[in-house]
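Observations on the three-dimensional arrangement
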Amino acid sequence: MNIGIDAGGTLTKIVVDGEERDYKVIKSSNKEAIAKFVNHFEGANIYLTGGRQKVIAQLLNESPKGYSVEFDATFNGLKQLLSEQYDAMDRFIFCNIGTGSSYHLATDHQQRVGGSGVGGGLLMGLGYLLTGEQSFESLVRCSKSGHRDLIDLTVGHIYEGQDAPIPKDLTAANFGRVLDTLDEDVSKEDHMASVMGLIAETICTIGIHMAEMYDCEEVVYIGSTLQGNEVMLNVLNRYTNLRGKTPVLVENGSFAGALGCITSES
């Protein structure tokens, strides 16, 4: 049995690759829980990647078989997941949306081509400040029933009563209507819907520019921030299509690093 551990800044993703493949997520701050889960599998071959891999390794009963650079591990795991879900893609941009976001050109190898501080960390921090909610699940749940019209300025607001040169529902300015709607009843659900839109539109815009710069047709989106995040997934899908690129959303994509450190070293 092989176990891959991607010890990230916020979350640790674990893949148990035996007769079947199982996936587990534990907060990186809860090192004891991570060790307890992994140590349950006696005699397993353990592989690690991520910024906190050496910290986790010290708590394990079994000596790890290998360590991987997280960008390479993510690329190797992503290739395997893509081969199981899609037709072959020879050249694409992939965006890994974790605490922040990292952009990579994928050919026969990966090349990191950019990054942004906009990601799950912003979602959690700004989400808490606006709603008082502290869990990822509660923030995602809030966003699903929220509306952005009282918070975000759209093209339709600017071209009111007129034809517009681009679709009217596109965002002209994130949070651009806040001062104009102070007398309106804006809910925490509305706030979270707008936060999700801000994050997804920023990530998508950078990904599309990278795809244009490096002559790619597909933009692949992975990362723990997308887990169950219907609002963000919908924005990424629509905006990428609107700009003439193909969005690729990968099932279990947040576990690419954990899976890839197994294939990198085993």
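This structure is a prediction, so every number in the text was calculated from the model and none was measured.

Calculation criteria
- Residues numbered from 1 in each chain as written.
- Predicted model: local features only at pLDDT ≥ 70, side-chain atom pairs only at ≥ 80, totals over all residues.
- Heavy atoms only, no water.
- Helix = DSSP H or I, 4+ residues; strand = E, 2+ residues; numbered from the N terminus.
- Buried < 20%, exposed > 50% of the residue type's maximum accessible area, 1.4 Å probe, protein only.
- Core = buried A, V, L, I, M, F, W, Y, C linked by side-chain atoms within 4.5 Å.
- Contact = heavy atoms within 4.5 Å.
- Disulfide = S-S within 2.5 Å.
- Lys, Arg positive; Asp, Glu negative; His and termini not counted.
- Salt bridge = Lys/Arg side-chain N within 4 Å of Asp/Glu carboxyl O.
- Polar contact = N/O pair within 3.5 Å; in protein donor to acceptor, adjacent residues only side chain to side chain.
- 1 Å grid on protein atoms, 1.4 Å probe; cavity = no way out; pocket = protein on both sides within 12 Å on 5 of 7 lines; lining within 4 Å.
- Points joined across faces, edges and corners; volume = space filled by probe spheres on them.
- Pairing = 2+ DSSP bridges.
- Axes fitted to C-alpha atoms, helices over the stretch in contact; angles between N-to-C directions.

**With respect to the environment of D180**
You can see D180 is positioned in the loop between β10 (171–173) and α7 (188–213). Residue D180 is classed as exposed on the basis of its relative accessible area of 61%.

**Let's talk about the nonpolar core**
Note that soluble globular proteins tend to have their nonpolar side chains buried in a common cluster. The biggest cluster of nonpolar side chains holds 33 residues, and the ones touching the most others in it are L123, I203, Y221, M232 and L236. Counting only elements with at least two residues in this core, the list comes to β6 (92–97), β7 (101–106), α5 (136–144), α7, β11 (218–222) and α8 (230–242). Residue contributions to this core peak at 10 residues, all from α7. Apart from the residues lying within four places of it in its own chain, the contact partners of I203 are C95, I97, S101, Y103, V118, Y221 and L236.

**Some details on the state of the cysteines**
In the structure shown here, the tally under the stated rule is zero disulfides. In this structure C95 is a free cysteine whose sulfur lies 9.3 Å from that of C204, the closest cysteine sulfur available. Using a relative accessible area of 1% as the deciding quantity, one classes C204 as buried.

**Some thoughts on the side chain of K13**
Looking at where K13 falls in the secondary structure, it is placed in strand β2 (residues 11–17). In this structure, K13 is buried with no salt-bridge partner, the nearest side chain bearing the opposite charge being D6 at 4.1 Å. A distance of 3.2 Å separates the side chain of K13 from the backbone oxygen of L11, its partner in a polar contact. Each residue touching K13, except ones within four places of it in the same chain, is listed here: G4, I5, D6, G8, K24, V25, S254, F255 and A258.

**Concerning the layout of surface pockets**
In this structure, the largest pocket spans a volume of roughly 900 Å³. Lining the largest pocket we find 42 residues, and of these T10, L11, G98, T99 and S224 sit closest to its centre. Taken together, R148, D149, D152, T154, D169, T171, E201, N234, V235, R238 and Y239 form the lining of the second largest pocket. The leading source of residues in the lining of the second largest pocket is α8, at four residues.

**As for the pattern of salt bridges**
Pairing is possible between side chains of opposite charge, provided their charged atoms come close. In the structure shown here, the tally under the stated rule is nine salt bridges. Among the salt bridges present, the one from E84 reaches R21, with a minimum N-O distance of 3.0 Å. Of this pair, E84 sits in helix α3 (residues 70–85) while R21 sits in strand β3 (residues 21–27), and the two are 63 residues apart along the sequence. Two residues, R177 and D149, come together in a salt bridge whose shortest N-O distance is 3.9 Å. You can see R177 sitting in the loop between β10 and α7 and its partner D149 sitting in the loop between α5 and β9 (153–154), a full 28 residues away along the chain.

**Regarding the sheet that holds β7**
Strand order in this open sheet of five strands is β8-β7-β6-β11-β12, and the pairing throughout is mixed. The outermost strands of the open sheet, each flanked by one partner alone, are β8 (110–116) and β12 (246–249). Neighbour-to-neighbour, the strand axes of this sheet turn through a mean angle of 25°, independent of strand direction. Where β6 lies against β11, four bridges are found, and the strand directions are parallel. For N96, the partnering residue across the bridge sits in β11 and is I222. Running over the sheet, α3 touches β6, β7, β8, β11 and β12 and is turned about 115° from β6.

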